[in-house]
Amino acid sequence: MTESERKLINPDGTRLDGRSKTDIRETSIEAGVSSRADGSALIKMGNNIILAVVHGPRELHPKHLVNPNKAVIRCTYRMATFSVGDRKRPAPSRREREISKVMTESLESVVLTHLYPRSAIDVFVQVLQADGGTRCAALSAASVAVADAGIPMRDLIAGCAAGIIEDQVVVDLADYEDKEGTGDVPLGYAPSVDEVSLLQMDGNFTKEQLLESVELAKEGCRQVYLIQREALKKKYSDIREEVAEEIVEEAIELKENIEEDQADITDFMEEEEEEEEEDFIDYGDDDEEDDEKVVDDLLEPTTFFEEE
Ligand code: UDP
């Protein structure tokens, strides 16, 4: 049986990787993975591994692209030559330029660009390993990277596709489902503000299938959205823990310094007291001796004359 003839849905309704039609692939996102960039995120969605980094807001070059009213977002999507089975040619393909454009437009819909007039927000996305649905996963990572850069946004954009395999609409197609299925609908969606900012379609759909695909893709985006938020929360709770640890360390050091200072002061005071005591005894002895001599002299007033 060739791959195009094999069944993609098991008799029990599950897909070949065991997912139900509403399950997205196992997904993890880590924010702040690059120390070089202003913001970054790494997403693993199924076998996709994608890195997104953000530089900016920063001065825009070339100057003729400057917009005096808002920041210009420039998103660049690239696939590494080793990211797919057959070596990908390194030159930017038409597909990569298209994905860069739709990602840019999607991010523009949520980023508060008017806060940064005359500047650039550069988003670089590198697909390290591709397994279908890379534009959606890339968009999810890019949006976390923008948030990680501290750039205000109305909402995060989550990306997820839905498509048709064996006449059934399923969410988040893996590469083999994308290739062996009959169509897919990649979606970029901002769940909190309920806005779709990327919608593409590849293949033949009935109106019902298209509407169902959009709803299912939105549901997939909501699942991705939770993971995006967790990634950002984790980054900032890690920072909070680091700061708290630093404060505790500083407090311990300060306490030790104070204790050392107190010990020095105590030693100093003890030494002073000892010295004072020594001084007091010396003077006391002399005085006593002098007094005794005076008394003796007084008691024997005649001695002097007698001796003479
Ligand atoms: N693909 C590939 N070589 C390429 C471009 C894409 O092998 O030059 C694979 C890759 O796994 C990708 C899949 O085809 O994820 C589907 O590509 P599509 O254009 O539908 O975009 P995507 O689904 O990744 O957003």
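Anything mentioned here points back to the structure above.
Now for a description of the structure that goes with this document. Nothing here was measured: the structure is a model prediction, and the numbers come from that model. (Residues numbered from 1 in each chain as written. Predicted model: local features only at pLDDT ≥ 70, side-chain atom pairs only at ≥ 80, totals over all residues.)

### Considering the overall build of the protein chain
Note the threshold: Helix and strand definitions follow DSSP, with helices as H or I runs of at least four residues and strands as E runs of at least two, each counted in order from the N terminus. Within these notes, the globule rule equals 2.2 Å times the number of residues to the 0.38 power, and the radius of gyration is based on C-alpha atoms. Partly exposed residues are those whose C-beta has more than 12 but fewer than 20 other C-beta atoms within 10 Å; 20 or more makes a residue buried and 12 or fewer makes it exposed, with C-beta atoms placed from the backbone.
Across its full length, the protein chain holds five helices and ten strands. For 308 residues, the compact-globule formula gives about 19 Å, and the C-alpha radius of gyration of the protein chain, at 39 Å, lies well above that figure. Dimensions of the protein chain, computed from the C-alpha atoms along their principal axes, are close to 145 × 55 × 40 Å. A buried classification covers 34% of the 308 residues belonging to the protein chain.

### Focus on the pairing of strand S7 (residues 168–171)
Selection rule: A pair of strands is treated as paired once DSSP finds two or more bridges between them.
Here strand S6 (residues 158–165) runs beside S7; their pairing, made up of four bridges, is antiparallel. Counted as the bridge partner of alanine 162 is valine 171 from S7. Hairpin connection from S6 to S7: two residues lie between these consecutive antiparallel strands, with glutamate 166 at a positive phi of about 50 degrees.

### Quick word on the site of the ligand
Rule in force here: Placing a C-beta atom from the backbone of each residue, we mark the residue near a molecule or strand if the atom is within 6 Å of it. Three categories are distinguished: nonpolar for Ala, Val, Leu, Ile, Met, Phe, Trp, Tyr, Cys and Pro, charged for Asp, Glu, Lys and Arg, and polar for the others, with Gly belonging to the last.
Lining the immediate surroundings of the ligand are Val84, Lys88, Arg95, Ala130, Asp131, Gly132, Gly133, Thr134, Arg135, Asp175, Asp178 and Pro186. Looking at the shell around the ligand, its residues break down into three nonpolar, three polar and six charged.

### Overview of the sheet that holds strand S1 (residues 27–31)
The strands that make up a sheet are held in pairs by hydrogen bonds between backbone atoms, and each pair lies either parallel or antiparallel. What counts is decided by this rule: Fitted lines through C-alpha atoms serve as axes, helices being fitted only where they are in contact, and the angles separating the N-to-C directions of these axes extend from 0 to 180 degrees. Residue pairs are scored as contacts if the distance between their C-beta atoms, which are placed from the backbone, is within 7 Å.
With respect to topology, five strands assemble into an open sheet ordered S1-S2-S3-S5-S4, the strand pairing being mixed. Bordering the open sheet on either side are S1 and strand S4 (72–79), each of which pairs with just one other strand. Across the sheet, the mean angle separating the axes of adjacent strands is 15 degrees when strand polarity is ignored. Pairing between S1 and strand S2 (residues 39–45): five bridges, direction antiparallel. Note on S2: the bridge partner recorded for serine 28 is lysine 44. Contacting S4 and strand S5 (119–129), helix H1 (residues 94–108) crosses the sheet at an angle of about 145 degrees to S4. Each of S1, S2, strand S3 (48–59), S4 and S5 is contacted by helix H2 (residues 134–148), which is oriented at about 150 degrees to S2, the strand it contacts most.

### So, H2
Residues spaced three or four apart along an α-helix face the same direction, because each turn holds 3.6 residues. Put simply, the rule reads: One less than the number of residues in a helix, times 1.5 Å, gives the span that helix is expected to have.
Its 15 residues place the ends of H2 20 Å apart at the C-alpha level, agreeing with the 21 Å of an ideal helix rising 1.5 Å per residue. In terms of residue burial, H2 counts as a mostly covered element, since 15 of its 15 residues are buried. Following H2 by one or two positions, glycine 150 adopts a phi angle in the positive range, close to 80 degrees.

### A short note on the pairing of S4
As a reminder of what qualifies: Think of it like this: strands point away, you trace from the first strand over the helix to the second, and a clockwise trace means the crossover is right-handed.
Sheet topology places S4 next to S5; eight bridges connect them, and they run parallel. By the bridge assignment for S5, threonine 76 is matched with phenylalanine 124. A crossover connection joins S4 to the parallel S5 through H1; in handedness this β-α-β unit is left-handed.

### Here we look at the packing of H1 against H2
Basically, it comes down to this: Note on terminology: angles under 35 degrees are roughly parallel, angles over 145 are roughly antiparallel, angles of 65 to 115 are roughly perpendicular, and the others are oblique. It is the rotation of the near helix from the far one that decides the hand of a crossing: anticlockwise by less than a right angle makes it left-handed, clockwise makes it right-handed.
Two elements in contact, H1 and H2, have axes separated by 11 Å at closest approach and are oriented at 45 degrees. Between H1 and H2, the angle falls in the class oblique. In this structure, the crossing between H1 and H2 has a hand that is right-handed. Contacts between H1 and H2 involve Ile99, Met103, Ser106 and Leu107 from the first element and Arg135, Ala138, Leu139, Ala142, Ser143 and Val146 from the second. Classifying every residue of the contact of H1 with H2 by side-chain character gives seven nonpolar, two polar and one charged.

### What about the nonpolar core?
Rules: To count as a nonpolar core, a set of buried Ala, Val, Leu, Ile, Met, Phe, Trp, Tyr and Cys residues must be joined through C-beta atoms within 7 Å.
Core analysis: the largest hydrophobic core is formed by 69 residues, its most contacted members being Ala52, Val123, Ala138, Ala141, Ala142 and Ala145. In this view, alanine 52 contacts Ser40, Ala41, Val123, Val125, Ala138, Ala141, Ala142 and Ala145; residues no more than four positions away in its chain are not counted.

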